[in-house]
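As a plain string of letters, each chain reads:
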Amino acid sequence: MCTRITYNFEDTVNAFNFDMDLTLWSYRLFKDNERFGIEIMMPDGKFHCYHGINRNGNVGTLLNVHGNANGAYRGEGFVTITALTEGFIRGEISFEEAVDAANAGRVTYAPDAIVQGLLSDRHGRALYIEPGIGCRVEHERYSLITNYSLLDPESTREYIEDGDDRYERAREMLARRTGRLSLDDALGCLSMLTQRGDWATRISFAYSENEKKGLYVLDSRFDEPKEFCFA
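A brief look at the structure comes next. (Residues numbered from 1 in each chain as written. Predicted model: local features only at pLDDT ≥ 70, side-chain atom pairs only at ≥ 80, totals over all residues. Heavy atoms only, no water.)

### Digging into the sheet that holds strand S4 (residues 35–41)
Argument step 1. If you trace the 7 strands from one edge of the open sheet to the other, you get S3-S4-S5-S6-S9-S10-S11, paired in antiparallel fashion. A single partner strand is all that each edge strand has here, and the edge strands are strand S3 (27–31) and strand S11 (134–138). For this sheet, the mean inter-axis angle between neighbouring strands, taken without regard to orientation, is 20 degrees.
Argument step 2. Each of S4, strand S5 (47–54), strand S6 (59–64), strand S9 (115–120) and strand S10 (126–130) is contacted by helix H1 (residues 81–90), which is oriented at about 45 degrees to S5, the strand it contacts most. (Pairing = 2+ DSSP bridges. Helix = DSSP H or I, 4+ residues; strand = E, 2+ residues; numbered from the N terminus. Axes fitted to C-alpha atoms, helices over the stretch in contact; angles between N-to-C directions. Contact = heavy atoms within 4.5 Å.)

### Some points on the nonpolar core
Argument step 1. Core analysis: the largest hydrophobic core is formed by 41 residues, its most contacted members being Phe18, Ile53, Leu84, Leu127 and Ile129.
Argument step 2. The element best represented in this core is helix H2 (residues 95–103), accounting for 5 residues.
Argument step 3. Leaving out residues up to four positions away in the same chain, leucine 127 has contacts with Phe95, Ala98, Val99, Ala102, Gly117, Leu118, Leu119, Cys135, Arg136 and Val137.
Argument step 4. The next biggest cluster of nonpolar side chains, apart from the first, holds 18 residues, and it includes Leu144, Ala170, Ala186 and Leu193. (Core = buried A, V, L, I, M, F, W, Y, C linked by side-chain atoms within 4.5 Å. Buried < 20%, exposed > 50% of the residue type's maximum accessible area, 1.4 Å probe, protein only.)

### Observations concerning the sheet that holds strand S2 (residues 12–19)
Argument step 1. With respect to topology, 6 strands assemble into an open sheet ordered S12-S1-S2-S13-S14-S15, the strand pairing being antiparallel. Lying at the two open borders of the sheet, with one neighbouring strand each, are strand S12 (142–145) and strand S15 (226–229). In this sheet, adjacent strand axes meet at a mean angle of 15 degrees when their direction is disregarded.
Argument step 2. Of the strand pairs in this sheet, strand S14 (residues 213–218) and S15 are connected by 4 bridges, and their pairing is antiparallel. If you follow tyrosine 216 over to S15, its bridge partner there is lysine 226.
Argument step 3. Across the sheet, helix H3 (residues 166–176) lies against strand S1 (2–8), S2 and S12, angled at about 170 degrees from S12, the strand it touches most.
Argument step 4. The strands touched by helix H4 (residues 183–191) within the sheet are S2, strand S13 (201–208) and S14, with S13 carrying the most contacts at an inclination of about 150 degrees.

### Some points on the pairing of S14
Argument step 1. Where S13 meets S14, 6 bridges bridge the pair, whose relative direction is antiparallel. Residue tyrosine 207 lies in a different strand from S14, and its bridge partner there is glycine 214.
Argument step 2. The turn linking S13 back onto S14 is made up of 4 residues, and lysine 212 within it adopts a positive phi angle of 55 degrees.

### Quick look at the pattern of salt bridges
Argument step 1. Here the structure, examined in full by the defined rule, presents 18 salt bridges.
Argument step 2. With its nearest N and O atoms 3.7 Å apart, the salt bridge here joins arginine 180 to aspartate 11. Of this pair, arginine 180 sits in the loop between H3 and H4 while aspartate 11 is found in the loop between S1 and S2, placing the two residues 169 residues apart along the sequence.
Argument step 3. Classification of aspartate 11 by relative accessible area gives buried; the value is 3%.
Argument step 4. For glutamate 138, the salt bridge identified is with arginine 136, shortest N-O distance 3.5 Å.
Argument step 5. Residue class for arginine 136 comes out partly exposed when judged on its relative accessible area of 33%.
Argument step 6. Here the residues in one salt-bridge network are Asp11, Arg180, Glu211, Lys213 and Glu227, joined through shared partners. (Salt bridge = Lys/Arg side-chain N within 4 Å of Asp/Glu carboxyl O.)

### With respect to the side chain of glutamate 209
Argument step 1. By secondary structure assignment, the location of glutamate 209 is in the loop between S13 and S14.
Argument step 2. Ignoring anything within four residues of it in the chain, the contact list for glutamate 209 reads Asp11, Thr12, Gly57 and Arg122.

### A short note on H2
Argument step 1. When H2 is considered as a whole, its buried residues turn out to be Phe95, Ala98, Val99, Ala101 and Ala102. Buried residues in H2, looked at end-on, bunch into an arc of 165 degrees, giving them a common side.
Argument step 2. Where H2 is buried, its residues meet strand S7 (79–80), H1, strand S8 (107–108), S9, S10 and S11.
Argument step 3. Glycine 105 occupies a position one or two residues after H2 and carries a positive phi of about 70 degrees. (Arc of directions from axis to C-beta.)

If you want it as structure tokens, here you go:
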């Protein structure tokens, strides 16, 4: 469970709620002068950054999804969505290269992760990638994704959990806005989309491209925001 927002109006602001079941995964926060993100321990015994920001404006996040056979890992000649996203966050892959890979139908699930993604650049251009289903590029006032397919909604509709209306609530909040979204505003939006229980919201962050800085909170303690910035 996760929620990702990209908002464009005078500034490009990205916001993300990271929801995680701690009985299934381990994670840690990562930040330096080049990147800020959340790293997850994977079966290869290494931490991988699948949710994060590069000072060059690349922002990538992955969200769990119920898979489809067409998106299954296929090995040589293809790229996993996890490798693509991690390379994008590291600044090794450009937005155009990510779009080319997605348009060519070369993006698959990883052997150990069935996820879809939203990648965006400093201009607020957004790339949705749903392995086995397709991709979409947009540059709208806002882009939004949760854990269900946007490109083929019927394929995941039966998996929507009772009461999970995060997408609808976020879309309504964003559609109502008529001006700039500040970092405090973005955290306010995230606070209304947090999860509880096993898949509780562990980290929330918002980042301003103009300011080259962001705010993050741990365990939904929105009254205790911490700041990060790129020198």
